[in-house]
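Okay, here's what each chain looks like letter by letter:
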Amino acid sequence: MGNRVLVVDDDAGFLATMTGALRSRGNVVTACADTASALARMGAGRFDAAVFDLRLRSGSGLDLLTRFRERQDR
């Protein structure tokens, strides 16, 4: 089983492309289109890696990255 990867992007095309590329390399990918769903998924488990859009319409990707790092450090 591959790495668990969280991908967050509000561009549906990019989200699908990135998710497909990561899955094709054996990763287990969780795809989210907004910050609320990403935060919910982060609260449900750990990830080995993450890919964030820094300019999300639903919030700051940098803030989301900070929260991701804090939760992963627990």
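Residues numbered from 1 in each chain as written. Predicted model: local features only at pLDDT ≥ 70, side-chain atom pairs only at ≥ 80, totals over all residues. Heavy atoms only, no water.

(A) Structural view of the environment of F14. Secondary-structure assignment places F14 in helix 1 (residues 12–24). Measuring from C-alpha to C-alpha, the distance between F14 and D53 comes to 9.8 Å, with 39 residues separating the pair along the chain. (Helix = DSSP H or I, 4+ residues; strand = E, 2+ residues; numbered from the N terminus.)

(B) Structural view of helix 1. Helix length check: helix 1, at 13 residues, gives a terminal C-alpha distance of 18 Å against a target of 18 Å (1.5 Å per residue), a fit within 8%. Packed against the buried residues of helix 1 are strand 1 (4–8) and strand 2 (28–32). A distance of 2.9 Å separates the backbone nitrogen of G13 from a side-chain oxygen at the start of helix 1, and that oxygen is part of D11. Residue G26 follows helix 1 closely and has a positive phi angle near 90°. (Expected span 1.5 Å × (residues − 1). Contact = heavy atoms within 4.5 Å. Polar contact = N/O pair within 3.5 Å; in protein donor to acceptor, adjacent residues only side chain to side chain.)

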